[in-house]
Amino acid sequence: MIRQKKWHLILFLCCLLLIGCSTAVEKEAEAAAAVEEEAVVSDESVEEPSVVEDTSSQEESKWTASSPVAKFTDEDIAFLEISCSGSDEEIADCIKDWQSDNFTFCVGSDGEDLIPECSYFLEYNEILPGIMTSNDVIYNNRIDDKIAGICMDYAAVYCSIAEYYGLECRVMRSTTHYCDEMYCDEEDEAGWMIFDYMAFQPLLSQNGLDFSLDAINSVVEDNWAHYWAEVMIDGEWEFRDASARDTADRYARGEAVVVDWAEMDKSDEMTVFMSE
């Protein structure tokens, strides 16, 4: 009877051992499966790195070219003390006569600028059109009691006044450059000096631009020889130019074109230069 109980006890212990082994194997399998599942989920959550396109060579400027012909207000016209009336032709002639009396051509007979600001309006607008306007000219460029400027200053201010009076106006230019018509030696080659750049910096900063002197000199070319205004009278374009006497000859030679301000813009070229 005692032997039989021992045998039953042995059988009972063997069963417990088998059950324990089975449970351990199951837990080990479950743990392995969980690890495998976690690895799969982890793989699925990893994204492929995005490919960033290199646009350093495709940068565009923050500058948008525009016409330097400002829209004059009643206050501007009152400041200029100009009063014109009559037909379109009479108004057009009135503006020209007013410019003859109230403008000073600020380049002397020796070719030297009479004031430092004399050529800035033209030079600035030949690389960044619109960064300086006819409004700046009438208030800031002065010699004694007269407005100081050269051909582009005359043309832009003329058009601002003409448009105020309801006339259609546009700025024209020659097809020749300054050095095509005047003797230029090596010292006259296109390019800005440091004092030109320092005078320009405030305008650059006001417009969020940071072009360097080297960037500017990489695009500066010889200036166009002449600018003037054309006004629409009785359905025909007619020029009015108080700054020069040879404008009619340019038409006769076929050397007159409408200024394309966007085409004159050099901002994208300077932006590329700055990124290199």
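Calculation criteria
Residues numbered from 1 in each chain as written. Predicted model: local features only at pLDDT ≥ 70, side-chain atom pairs only at ≥ 80, totals over all residues. Heavy atoms only, no water. Helix = DSSP H or I, 4+ residues; strand = E, 2+ residues; numbered from the N terminus. Buried < 20%, exposed > 50% of the residue type's maximum accessible area, 1.4 Å probe, protein only. Contact = heavy atoms within 4.5 Å. Patch = residues over 30% accessible without salt bridge, like charges linked within 9 Å, V, L, I, M, F, W, Y side chains within 5 Å. Areas by Shrake-Rupley, 256 points an atom, 1.4 Å probe, with all protein chains shown as cover. Salt bridge = Lys/Arg side-chain N within 4 Å of Asp/Glu carboxyl O. Lys, Arg positive; Asp, Glu negative; His and termini not counted. Charge placed at Lys NZ, Arg CZ, Asp CG, Glu CD. Expected span 1.5 Å × (residues − 1). Pairing = 2+ DSSP bridges. Axes fitted to C-alpha atoms, helices over the stretch in contact; angles between N-to-C directions.

Helices and strands together make up the secondary structure of the protein, namely twelve helices and seven strands. Within the protein, buried positions represent 37% of all 276 residues. In the protein, of all internal contacts separated by at least 6 residues, the share reaching a separation of at least 24 is 77%.

Our next topic: a negative patch on the surface. There is a patch of like negative charges on the surface, built from D88, E89, E90, D234 and E236. By residue number, the principal contributor to the negative patch is helix α3 (residues 88-102), which donates three residues. Along the chain, D88 turns up in helix α3.

Bringing helix α8 (residues 194-206) into the picture now. The terminal C-alpha atoms of α8 lie 19 Å apart, and with 13 residues this matches the ideal 18 Å at 1.5 Å per residue to within 8%. Among all positions in α8, only D196, Y197, F200, L203 and L204 are buried. Residues of α8 that are buried make contact with α4 (120-125) and α9 (213-217). Positive backbone phi, at 70°, marks G208, one or two positions downstream of α8.

We now examine the sheet that holds strand β7 (residues 256-258). Spatial strand order, β6-β5-β4-β7: four strands in an open sheet with antiparallel pairing. Single-partner strands in this sheet number two, and they are β6 (236-240) and β7. Taken pair by pair, the neighbouring strands of this sheet meet at an average axis angle of 40°, ignoring direction. Summarising the sheet, strand β4 (residues 169-174) and β7 pair through three bridges and their orientation is antiparallel. Across the sheet, R173 pairs through a bridge with V257, a residue of β7. Of the strands in this sheet, β5 (227-233) and β6 are in contact with α3, which crosses β5 at around 160°. Contacts from helix α6 (residues 151-164) reach β4, β5 and β6, with the element oriented near 25° to β5.

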